[in-house]
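One-letter residues, chain by chain:
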Amino acid sequence: MAPVAQRRSALTGEHVALSAVDRNADATPPPPPLQATEASTRVERMMEALEGARGSRLLIVIKGHPDPDSIASAIAQRHLARAFDIEASIIFFDEISHPENRALVKSLDAGLAQYREGMDLGAFDFVSFVDTQTPHMPVRLPTPLPVLTFVDHHKTVGGFDARFMDIREEAGATSSMYAEYLENSPFGLRHNNPEDARLATALMHGIRSDTDNFLLAWAIDFRAAAYLRPFLDNDLLRIISKQSVTARTMEIIQRGLNNKQIRGTFLLAGVGFVRDEDRDGIGQAADFLLRHEGVETAVVFGIVNGDAVDGSLRTVSHTVDPDTWLKQLFGTDTSGRHFGGGRRNKGGFRIPLGLFGRCRDRDALWAIGKKTIEDLVYEKIGVDQEAED
Ligand SMILES: [Mn+2]
């Protein structure tokens with residue numbers, strides 16, 4: 001008989017037999033998950049942080065426009081917090097602009113709240129950040145809340161602390177990291193539980209969405225998918241992952257096509273004025289234009305909501321690191337915050353127009369915005385090319 005494979009339980013340290021082996025002792029035991037010890041250590045530290053906050057009130061923050069990865073991660077963080085009698089509320093600040101994401105939140109019955117002026121965020125004891133690069137609150141609080149957990153897969157920027165911090169650039173989605181916590185904790189997903197099925201489905205959708213349907217997935221993303229698979233609500237997954245492009249996004253893509261300028265492997269396209277609720281169209285236009293033959297990097301930008309130049313970068317280039325590239329290009333504002341940042345294949349930037357946003361001559365305003373971005377980008381491409389030669 002094959003020896004019974006064992007694995008250390010994450011919490012108790014006891015050796016427990018793998019259930020797959022129990023069912024069929026003759027089969028070769030499956031290899032233990034890669035980095036099993038690391039995963040269990042991380043989970044223990046997450047549990048310690050939550051234990052230390054038992055009974056408290058936790059604010060889980062989604063920054064920027066909520067997307068499938070941040071929404072699922074926030075729900076997973078709430079699931080874990082609740083196991084420690086922590087009263088957790090999820091809050092977001094920017095409009096859920098993508099119609100698919102609005103449908104997602106609705107069909108998940110996710111219980112997300114949008115921030116409104118006058119909300120008393122100071123009534124919370126702790127804050128958790130998911131799927132974001134820095135722990136800055138979009139609104140000012142009289143006393144900043146201590147950061148309980150910080151979980152993300154963007155490039156590390158450092159300079160802050162949290163009771164539990166886990167940043168992994170080699171994860172295609174923050175949802176994969178949460179799936180790993182669930183798999184290795186005693187508070188993982190349960191079969192035949194509708195709420196857990198929704199959470200599993202949300203996480204799977206988050207991973208698919210951030211990895212371009214596993215095209216850009218890493219080992220952790222595939223492991224997460226394997227763990228989530230038996231818990232999924234397949235009908236729900238089909239509904240929420242239905243890809244559609246809105247008429248206004250089509251229009252933004254069309255403007256991008258009309259205005260594109262290509263230099264070598266670089267494509268730059270200004271799409272003019274874009275409504276706040278259509279901001280995601282800029283990213284989708286960049287996704288689309290990146291498929292242009294011979295193009296390795298695409299940057300699409302527009303003036304969003306009349307008050308900021310907003311842009312998205314997509315790249316398959318080996319030499320362009322979106323985070324470094326955008327940070328070098330745009331630098332920081334007066335309080336030292338970067339105008340842009342990103343992760344492995346994508347990035348974004350937002351440059352507030354300040355007083356210029358009040359300019360009534362929209363053509364003049366767009367001309368200034370467009371010229372500034374074009375000059376900066378082309379200067380940078382020139383410098384990069386010289387450095388390569
Ligand atoms: Mn993400």
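Description of the structure in this document.

Cut-off values and rules
Residues numbered from 1 in each chain as written. Predicted model: local features only at pLDDT ≥ 70, side-chain atom pairs only at ≥ 80, totals over all residues. Helix = DSSP H or I, 4+ residues; strand = E, 2+ residues; numbered from the N terminus. Buried ≥ 20, exposed ≤ 12 C-beta atoms within 10 Å, placed from the backbone. Contact = placed C-beta atoms within 7 Å. Core = buried A, V, L, I, M, F, W, Y, C linked by C-beta atoms within 7 Å. Pairing = 2+ DSSP bridges. Axes fitted to C-alpha atoms, helices over the stretch in contact; angles between N-to-C directions. Expected span 1.5 Å × (residues − 1). Arc of directions from axis to C-beta. Parallel < 35°, antiparallel > 145°, perpendicular 65-115°, else oblique. Left-handed = near helix turned anticlockwise from the far one by under 90°. Nonpolar A, V, L, I, M, F, W, Y, C, P; charged D, E, K, R; others polar.

### Here we look at the overall build of the chain
Scanning the chain for helices and strands turns up 12 helices and 14 strands. Residue burial in the chain is summarised as follows: out of 389 residues, 40% are buried. Across the chain, every contact between residues at least 6 apart in sequence was considered, and the portion connecting residues at least 24 apart equals 65%.

### Quick notes on the environment of valine 320
Here valine 320 shows up in the loop between β12 (308–315) and α11 (322–330). A tally of 21 C-beta atoms within 10 Å means that valine 320 is categorised as buried. Taking the C-alpha atoms as reference points, valine 320 and threonine 297, 23 residues apart in sequence, are found 7.9 Å from one another. In contact with valine 320, other than residues within four places in its own chain, are Thr297, Thr315 and Trp325.

### A look at the nonpolar core
Counting 59 residues, the largest nonpolar core has Leu58, Leu203 and Leu228 as its most contacted members. Here the element with the most residues in this core is helix α3 (residues 68–82); it accounts for 7 residues. With near-sequence residues (within four places) excluded, leucine 58 lies in contact with Ala53, Ala81, Ile86, Glu87, Ala88, Phe124, Asp125, Phe126, Ser128 and Leu148. With 29 residues, the next largest nonpolar core counts Leu289, Val304, Ala308 and Val377 among its residues.

### A short note on the sheet that holds strand β7 (residues 147–152)
A sheet is described by the order of its strands in space; here 6 strands give the open sequence β5-β4-β3-β6-β7-β8, paired in parallel fashion. Each edge of the open sheet carries a strand with a single partner, namely β5 (112–114) and β8 (164–167). Geometrically, the sheet is characterised by an average inter-axis angle of 20° between neighbouring strands, direction not taken into account. Sheet topology places β7 next to β8; 4 bridges connect them, and they run parallel. Note that in β8 the partner of threonine 149 across the bridge is phenylalanine 164.

### Here we look at the sheet that holds strand β14 (residues 346–352)
Spatially, 6 strands are ordered β9-β10-β11-β12-β14-β13 in an open sheet, and the strand pairing comes out mixed. Looking at which strands have only one partner, the edges of the open sheet turn out to be β9 (261–263) and β13 (340–342). Taking the axes of each pair of neighbouring strands and ignoring which way they run, one obtains an average angle of 15° across the sheet. Two elements, β12 and β14, share 7 bridges in a ladder whose sense is antiparallel. Directly across from valine 309, in β14, lies its bridge partner isoleucine 351. Its contacts with the sheet put helix α10 (residues 280–289) on β10 (266–274), β11 (297–304) and β12, and the angle it makes with β11 is roughly 155°. Relative to the sheet, α11 contacts β12, β13 and β14, its axis offset from that of β13 by approximately 170°.

### Structural notes on α3
Because an α-helix completes one turn every 3.6 residues, residues spaced three or four positions apart along the sequence face the same direction. A rise of 1.5 Å per residue sets the reference length of α3, with its 15 residues, at 21 Å; its end C-alpha atoms lie 21 Å apart and thus fit the reference within 8%. Across the 15 residues of α3, 13 count as buried, placing the element largely inside the fold.

### So, the pairing of strand β6 (residues 126–130)
The buried count for β6 comes to 5 of 5 residues, which makes it a mostly enclosed element. Burial along β6 is two-sided: Phe126, Ser128 and Val130 and Val127 and Phe129, pointing in opposite directions, are all buried. Alignment of strand β3 (residues 57–62) against β6, held across 4 bridges, turns out to be parallel. Within the sheet, the bridge partner assigned to leucine 58 lies in β6 and is phenylalanine 126. In the sheet, β6 pairs with β7 via 4 bridges, with the strands oriented parallel. Its bridge partner being in β7, valine 130 is matched across the sheet by valine 151.

### Some words on helix α7 (residues 219–228)
Of the positions making up α7, those classed as buried are Ile220, Asp221, Ala224, Ala225, Tyr227 and Leu228. Seen from one end, α7 has its buried residues packed into an arc of 160°, which puts them on one side. Lining the buried residues of α7 we find α5 (174–184) and α6 (194–210).

### As for the packing of α5 against α7
The interhelical angle for the contact between α5 and α7, taken along N-to-C directions, is 50°, at an axis separation of 9 Å. As the angle between them shows, α5 and α7 are arranged oblique. For α5 against α7, the interelement crossing comes out left-handed. Facing α5, whose interface residues are Ser176, Ala179, Glu180 and Glu183, α7 presents Ile220, Asp221, Ala224, Tyr227 and Leu228. Residue composition of the contact of α5 with α7, by class: 5 nonpolar, 1 polar and 3 charged.

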